[in-house]
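# Structural description and commentary
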Amino acid sequence: TLVYDSSFAGWLTAVFEVYEYKFEDVHIVPSDQRQDSLFGKTHLVATCEQKAQRVWQGLRQRVSDRATTQLYRAFLSELKGMENTLLQYVQYAFSRKVSMEYDYSHPAVLFVTDTARKVHREKHRMEAFVRFQQTKDNLYYAFIDPDFNVLPLLQDHFEKRYADQLWMIYDIKRKHGLYYDLLETSRVEVFFNEVPGRGARLDSINDEKEPLYQQLWQQYFDSVNIKARKNTKLHVQHMPLRYWKFLPEKQSR
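Residue numbers run consecutively from 1 along every chain, following the written order of its sequence. It should be noted that, the model being predicted, local features are given only for residues of pLDDT at least 70 and side-chain atom pairs only at 80 or more, the latter also being counted only at that level, while totals for whole chains, interfaces and linings use all residues. With hydrogens and water stripped out, all remaining heavy atoms of the structure feed into the side-chain values.

### Re helix α3 (residues 65–76)
Counted only if it meets this: Every helix listed is a DSSP run of H or I at least four residues long, and every strand listed is a run of E at least two residues long, numbered separately from the N terminus. The length a helix should cover is 1.5 Å for every residue beyond the first. Buried, partly exposed and exposed residues are distinguished by accessible area as a fraction of the type maximum, computed with a 1.4 Å probe on protein chains only: under 20%, between the cut-offs, and over 50%, respectively. Whether two residues touch is decided by their heavy atoms; if any such pair falls within 4.5 Å, the residues are in contact.
Helix length check: α3, at 12 residues, gives a terminal C-alpha distance of 17 Å against a target of 16 Å (1.5 Å per residue), a fit within 8%. Looking only at α3, the buried set comprises Ala-67, Thr-68, Gln-70, Leu-71, Ala-74, Phe-75 and Leu-76. Against β1 (2–4), α1 (8–20), α2 (49–60), α4 (82–95), α5 (107–129) and α6 (151–161) lie the buried residues of α3. Looking one or two residues past α3, Glu-78 carries a phi angle of roughly 60°, positive in sign.

### Looking at the sheet that holds strand β3 (residues 43–44)
Rule in force here: Two strands pair under a simple rule: DSSP has to find at least two bridges between them. Angles here are taken between N-to-C directions and fall from 0 to 180 degrees, while the axes themselves are lines fitted to C-alpha atoms, restricted in helices to the stretch in contact.
The strand order across the open sheet formed by 3 strands is β2-β1-β3, and the pairing between neighbours is parallel. Every interior strand has two partners, whereas the edge strands, β2 (28–30) and β3, have only one. Alignment of β1 against β2, held across 3 bridges, turns out to be parallel. Bridge pairing links Leu-2 to Ile-28 in β2. Of the strands in this sheet, β1, β2 and β3 touch α1, which is tilted by about 155° from β1.

### Brief notes about the side chain of Asp-145
As a reminder, the rule being used: Any pair of nitrogen or oxygen atoms within 3.5 Å is treated as a polar contact; in protein, a donor-acceptor pairing is required on top of that, and neighbouring residues in sequence qualify only through side-chain atoms on both sides.
Here Asp-145 lies in the loop between β5 (139–144) and α6. Classification of Asp-145 as buried rests on a relative accessible area of 12%. Here the side chain of Asp-145 touches Lys-245 through a polar contact of 2.9 Å, side chain to side chain.

### Some thoughts on the pairing of β5
Rules: Handedness is read with the strands pointing away from the viewer; a crossover is right-handed when the path from the first strand over the helix to the second is clockwise.
Across the 6 residues that make up β5, a large majority, 5, are buried. In sequence, strand β4 (residues 133–134) turns back onto β5 through a hairpin of 4 residues, with Asn-138 there showing a positive phi of about 70°. Of the pairings in the sheet, the one linking β5 to strand β6 (residues 166–171) comprises 6 bridges and is parallel in character. Among the inter-strand pairings, Ile-144 is bridged to a residue of β6, identified as Asp-171. Handedness of the β-α-β unit built from β5, α6 and β6 comes out right-handed.

### Some details on unusual backbone geometry
Backbone geometry places Asp-25, a non-glycine residue, at a positive phi of 55°. Following the sequence through the fold, Asp-25 ends up in the loop between α1 and β2. Note on Asp-25: relative accessible area 82%, which makes it exposed. If you check the backbone angles, Leu-182 has positive phi at about 85° while not being a glycine. As for its position among the elements, Leu-182 is in the loop between β7 (176–180) and β8 (185–188).

This is the structure:
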């Protein structure tokens, strides 16, 4: 069992050490899921950027940019056991002289491709459904609670779209966020007495005009909604219920 720190660089380091130490019958797990076995051995992986880069560059020589992007997205899914499926993917890639990224007969290739597609879809939904609120000190903040860890994939989109505003997007499930200060984006952690979106209210920090802005948005949403064409099933398909708790247009009037 190889135990790593849950980071992508840590996982790449673990892959490097599988080859370095010639480990067989391995199982890669993040440190928060570690369960020592009575009969197995445990190897602690210390994240090493140099080892991680060697694995990453080796992959890029064997597969396309599309494939490496899919691999990273699949890692962000945080699905249980994904680290080992990705290891199988990498081992298959290194064992072939030609690209294997379209070989869907291999279970790891198929699963990584399907999972990456789901993560990409979640990213696009987050870009569409993020709703900012303004604080008294002119910070625009938004909370998200995605199934997958798509926060790292959102940075480029929001930096370009809101380059002239202070903003923070916070993932309440993973307890970290992105903060943009008009120059650069950094990772932040905020500690709340109550979890936002699960009963906690932050009205005291909001700008005094924020309730008006939300009311105007609700009125706009109601005005463009054609009741005669209401299709709840299709609506929920494109805007799943799990996103509604952060959407002003879905709150009680």
